[in-house]
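Each chain, written out:
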Amino acid sequence: MPKRRSLRMLLFVAAAAVLVISFKFGFADAWVDQYALPAAAVSDEVLPVASSAATPPKADPVPDVPQQSEAVVLSNRITEYHIAVTLDEKNGKLLGEQTVTWKNPGRKAVGELYLHLYPNAFSPGSTFLKESSGQLRGDKMKPGSVGSMSITTLTTDQGETLLPRLHFVQPDDGNKNDRTLVTFRLPEPVKPGMSVTLRMGFTVTLPDVFARMGKADDFVMAGQWFPKVAVYETAGTRGRATEGWNLHQYHGNSEFYSDFGIYSVRIDVPESYTIAATGFQTKSPALAGGRKSYQFYADDVHDFAWSASPNFEYVEDSFSSAGIPGVRIKLYIDPLHKELKDRYMHAAKSALAKLGQWYGEYPYSTLSIIVPPANANGAGGMEYPTLVTAAAAKDDNPGYELERTLLHEIAHQYWYGLVASNEFEEAWLDEGFTSYTEDKLMSSIYGVLPNLPVEASYMTAPEPLDQVSWRFSSSNGYAENVYLRAKLVLSALERQVGDKTMSKILRTYFQKYEFKHPSSADFQKVVESITKTKWNDFFRSYVQNGEMADFAVDSIQTQKTTDGYESIVLLKRYGGSPQPVSIWVQFQDGKSVSKRWDGVQDHIQLQLRSSTPLTYAAIDPGNNVVLDNRRYNNYLQAEVPKETRTRFATGITQIIEGLFGTMVW
Ligand SMILES: [Zn+2]
């Protein structure tokens, strides 16, 4: 009835009064979470300094000090890329040549190779542009801007050309205008454990910065910029019955998936430019004819990105702590944020310290952070191995969104960079885990706590998490689910198993799957092995199905009896998997009682006898059911009891007195 409904709403509002409701989400941004924080959270006070993060940055560092690679092999190194690329800054192009070696990790001979040509996502007719309508995370692709990639030469290492064999494939949607995935037959199948080496020339036309890559004046963000071998999954990987290629086009909602390997990359830019890149430099840049040539190297990583600009302010510091053997943190800052360098450095060091302590070692010697200029917003808030982009420098006095975005991207070094899940098919495994970790970092470093009940109430269109990225209803639906709902699922798990066990679960999952490609089922197995409990209901409801929890006080019936009052409170679980939940009831004389329901059945009746009428009942008053997004039905005020006793309409439900006993006051 409307009256009761409005009463419920009032009670909900009262209960929500303790919650900070100025929280706001920016779900238009698909891979960066932008939160406008409550004004109170942003102050002029000095940021807390982690004990291990106290060294101030040294003055005037040089960005180009060479390093040597170490002999330790951490991953299966399926691919090896040797790339030479020249930035043609006048025409907005990259001219590249690469030698790629691919090792067959399977047990069958492989007769064809697949390459991702991601920049073709920005060419007319692409699946990416159809799905995104040229809009992503609040950015619009500039009218007339086009990005593309073409392979200009393709030969075996003996010089036989394979170029005529190239043909584009569209396994996801059959869109013949999509040229983001290409295949060709090899001259000879690659036997198990053996490898093939190919040489290719390629050209990239950089779009105006949009969706993680492109040019903006003299700033360049080169992400997904070279022809990249797809992942050949062995039997057993992510539950696969038989081995084979994992093939997808570039989609509006999707990120990427690649194998670990070695990258040796030479980058040629105008002399005035500074380059930030994955890995480290093996020699000092060479100068010739007004150009500068950088040599970078990275191993046991699954991607390589770089950025160039003549305007970067450079700051560097080294850092080590438990789990962080020694990292050079390299900041490449847009001049607008020059004075904020200490905030970036503090956030980076504190994040690494926590991640190393919580999950395990950061095994790389560098972490590069790029702060793009305001007109390259689409390049901000993105993760690559050992390199992240912070939010673009749009404001010279940003709030905690500066730290939040950076912490998020650094957390991706663990959930994406090291634990390399398939972002095409199970995006929640990187974005959800990263958003969860981002909250942990924000609260432990800056004391900024998430408001989970309010965040859950934003979840209006839940969808299954383990579906491919392009099946989500919209880009907002994708973002809400793989970032927010996935984070809530992990928080809900944490609430049920406890902080300590959750830490153990994540640490175990990280250590078991670093340098590997786990699936949702692999994560569930870790949860089950640590808790020694089956979690099928939980994963079915919240991961495989798009459910939210919904516990409700459905009705209260109170009758006058000869010696007092008798009430029946009907409690229901409308959605979500079974879980224990607390119940709280209050009587007219001010007395109250708390009980627990195991939540196994979908409803239960609580029978109460009391000397004064029952006035109020609440289920989960402590907001422990993290995924409950309909909290307005968790509270119900009783109506005035009738004078004459009538039979309770118990319907088909059973009164379970054994669980609660009968309480009389
Ligand atoms: Zn992310």
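Residues numbered from 1 in each chain as written. Predicted model: local features only at pLDDT ≥ 70, side-chain atom pairs only at ≥ 80, totals over all residues. Heavy atoms only, no water.

### So, the packing of aromatic side chains
Evaluated as defined, the whole model comprises 49 aromatic pairs. Here the aromatic rings of Phe122 and Phe210 are separated by 6.0 Å at their centres, their planes lie at 75°, and the arrangement is edge-to-face. Residue Phe122 is located in the loop between β3 (110-116) and α2 (127-132), and its partner Phe210 is located in the loop between β9 (195-205) and β10 (214-216); the two are separated by 88 residues in the primary sequence. We note that Phe122, like Phe210, is buried. The lysine or arginine in question, Lys560, covers the ring of Tyr565, its NZ or CZ lying 5.0 Å from the ring centre. (Phe/Tyr/Trp six-rings, centres within 6.5 Å; stacked < 30°, edge-to-face > 60°. Helix = DSSP H or I, 4+ residues; strand = E, 2+ residues; numbered from the N terminus. Buried < 20%, exposed > 50% of the residue type's maximum accessible area, 1.4 Å probe, protein only. Lys NZ or Arg CZ within 6 Å of the ring centre and 35° of its normal.)

### Regarding helix α6 (residues 428-446)
Along an α-helix, residues three or four apart share an orientation, since each turn contains 3.6 residues. Here α6 spans 25 Å end to end across 19 residues, near enough to the 27 Å set by a 1.5 Å rise per residue. Looking one or two residues past α6, Gly447 carries a phi angle of roughly 70°, positive in sign. (Expected span 1.5 Å × (residues − 1).)

### Here's the deal with helix α3 (residues 341-358)
A rise of 1.5 Å per residue sets the reference length of α3, with its 18 residues, at 26 Å; its end C-alpha atoms lie 26 Å apart and thus fit the reference within 8%. The buried fraction of α3 is high, at 13 of 18 residues.

### A closer look at the UniProt feature "active site" (unreviewed entry) in the chain
Within the UniProt annotation, "active site" (unreviewed entry) is assigned to Glu409 and Tyr483. These annotated residues cover 75 residues of sequence, and their C-alpha atoms lie no more than 12.9 Å from one another, placing them together at a single site. Relative to the assigned elements, Glu409 resides in helix α4 (residues 401-411). Using a relative accessible area of 0% as the deciding quantity, one classes Glu409 as buried. Along the chain, Tyr483 turns up in helix α8 (residues 475-497). With relative accessibility at 2%, the residue Tyr483 sits in the buried group. (UniProt positions renumbered as here; feature names shortened; annotations may be inferred.)

### Details of empty space enclosed by the protein
In this approach a probe as big as a water molecule rolls over the atoms, and the regions it shows empty are the leftover space. Counted under the stated rule, the structure contains 4 cavities of 30 Å³ or more. Taken together, Lys228, Phe256, Tyr257, Ser258, His302, Asp303, Tyr416, Ala420, Ser421 and Glu423 make up the full set of residues lining the largest cavity. Its residues assigned to classes, the lining of the largest cavity comprises 4 nonpolar, 3 polar and 3 charged. (1 Å grid on protein atoms, 1.4 Å probe; cavity = no way out; pocket = protein on both sides within 12 Å on 5 of 7 lines; lining within 4 Å. Points joined across faces, edges and corners; volume = space filled by probe spheres on them. Nonpolar A, V, L, I, M, F, W, Y, C, P; charged D, E, K, R; others polar.)

### So, the layout of surface pockets
As a volume, the second largest pocket reaches approximately 410 Å³. Together, 22 residues line the second largest pocket, and Glu70, Asp299, Pro363, Tyr364 and Ser365 are the ones closest to its centre. Of all the elements in the fold, those that place two or more residues in the lining of the second largest pocket are β18 (291-301) and β21 (324-333). Sort the elements by how many residues they give to the lining of the second largest pocket and β18 lands first, with 5 residues. Taken together, the residues of the lining of the second largest pocket break down into 10 nonpolar, 8 polar and 4 charged.

### Some thoughts on the environment of Leu331
Looking at the element boundaries, Leu331 is found in strand β21. When the C-alpha positions of Leu331 and Pro63 are compared, they lie 9.2 Å apart, and in sequence the two are 268 residues distant. Residues in contact with Leu331, not counting those within four places in the same chain, are Glu313, Tyr314, Val315, Lys341, Tyr344, Met345 and Ile369. (Contact = heavy atoms within 4.5 Å.)

### What to know about the UniProt feature "binding site: Zn(2+)" (unreviewed entry) in the chain
UniProt feature "binding site: Zn(2+)" (unreviewed entry): in the numbering of this structure it lies at His408, His412 and Glu431. For the annotated residues, spread through 24 residues, the largest C-alpha to C-alpha distance comes to 9.1 Å, consistent with a single compact locus. Tracing the sequence through the fold places His408 in helix α4. We classify His408 as buried; its relative accessible area is 1%.

### Considering the sheet that holds β21
Judged by pairing direction, the sheet is mixed, and its 5 strands sit side by side in the order β20-β21-β22-β24-β23 without closing on themselves. Looking at strand neighbours, the two that pair on one side only are β20 (313-321) and β23 (382-384), the edges of this open sheet. The mean inter-strand angle of the sheet, taken between neighbouring strand axes irrespective of direction, is 15°. The sheet contact formed by β23 and strand β24 (residues 387-389) spans 3 bridges and is antiparallel. By the bridge assignment for β24, Tyr384 is matched with Leu387. Here α3 sits on the sheet in contact with β20, β21 and β22 (366-371), set at roughly 150° to β21. Where α4 meets the sheet, it contacts β22, β23 and β24, and its direction lies at approximately 150° from that of β24. (Pairing = 2+ DSSP bridges. Axes fitted to C-alpha atoms, helices over the stretch in contact; angles between N-to-C directions.)

### Notes on the coordination of the zinc ion
Each donor-metal-donor angle in an ideal tetrahedron of four donors is 109.5 degrees, and each such angle in an ideal octahedron of six donors is either 90 or 180 degrees. Ligation of the zinc ion by protein atoms is provided by His408 (NE2), His412 (NE2), Glu431 (OE) and Glu431 (OE), these donors lying 2.0 to 2.8 Å from the ion. Coordination at the zinc ion comes from 4 donor atoms whose angles at the metal span 51 to 156°, giving a geometry best classed as irregular. (Donors = N, O, S within 2.8 Å, 3.2 Å for Na, K, Ca; no water. Tetrahedral: all angles 85-135°; square planar, octahedral: opposite > 155°, others 65-115°.)

### Things to note about the side chain of Ser307
Considering the arrangement of structural elements, one finds Ser307 in strand β19 (residues 306-309). A relative accessible area of 0% places Ser307 in the buried class. Looking at Ser307, its side chain comes within polar contact range of the main-chain oxygen of Val220, at 2.8 Å. Apart from the residues within four sequence positions on either side, Ser307 is in contact with Phe219, Val220, Met221, Thr274, Ile275, Ala276, Phe312 and Ile370. (Polar contact = N/O pair within 3.5 Å; in protein donor to acceptor, adjacent residues only side chain to side chain.)

### Here we look at unusual backbone geometry
The phi dihedral of Arg77 is positive, around 45°, even though this residue is not glycine. Not every positive phi belongs to a glycine, and Asp217 is a case in point at roughly 55°. Given a relative accessible area of 70%, Asp217 falls into the exposed group.

### Description of the packing of α8 against helix α11 (residues 536-544)
When two helices pack together, their arrangement is given by the angle between the helix axes and the distance between those axes. Running from N to C, α8 and α11 cross one another at 160°; their axes reach a closest spacing of 10 Å. When the axes of α8 and α11 are compared, the pair comes out roughly antiparallel. Relative to α11, α8 is oriented so that their crossing is right-handed. In this structure, α8 contributes Arg485, Val489, Ala492, Leu493 and Gln496 to the contact, and α11 contributes Phe538, Tyr542 and Val543. Along the lines of polarity and charge, the residues of the contact of α8 with α11 split into 6 nonpolar, 1 polar and 1 charged. (Parallel < 35°, antiparallel > 145°, perpendicular 65-115°, else oblique. Left-handed = near helix turned anticlockwise from the far one by under 90°.)

### Some remarks on the pairing of strand β17 (residues 280-288)
In this sheet, β18 lies alongside β17 in antiparallel orientation, the contact comprising 6 bridges. Looking at β18, one finds that Ala288 is bridged to Arg291.

### Re the environment of Ser368
Residue placement: Ser368 occurs in strand β22. Put simply, Ser368 and Leu331 are 37 residues apart on the chain and 5.9 Å apart in space, counted from C-alpha to C-alpha. Ignoring any residue separated from it by four or fewer positions in sequence, one finds Ser368 in contact with Ala277, Lys330, Tyr332, Thr386, Leu387 and Val388.

### Let's talk about the pattern of salt bridges
All chains considered together, the criterion is met by 28 salt bridges. The residue Glu89 makes a salt bridge to Arg291 at a minimum N-O spacing of 3.1 Å. You can see Glu89 sitting in the loop between β1 (79-88) and β2 (93-103) and its partner Arg291 sitting in strand β18, a full 202 residues away along the chain. For Glu89, a relative accessible area of 29% puts it in the partly exposed group. A salt bridge links Arg404 to Asp439; the shortest N-O distance between them is 3.5 Å. Linking Arg404 in helix α4 with Asp439 in helix α6, this pair joins segments that are 35 residues apart in sequence. In the salt-bridge network here, residues are joined through shared partners; they are Glu233, Arg238, Arg240, Glu425 and Glu426. (Salt bridge = Lys/Arg side-chain N within 4 Å of Asp/Glu carboxyl O.)

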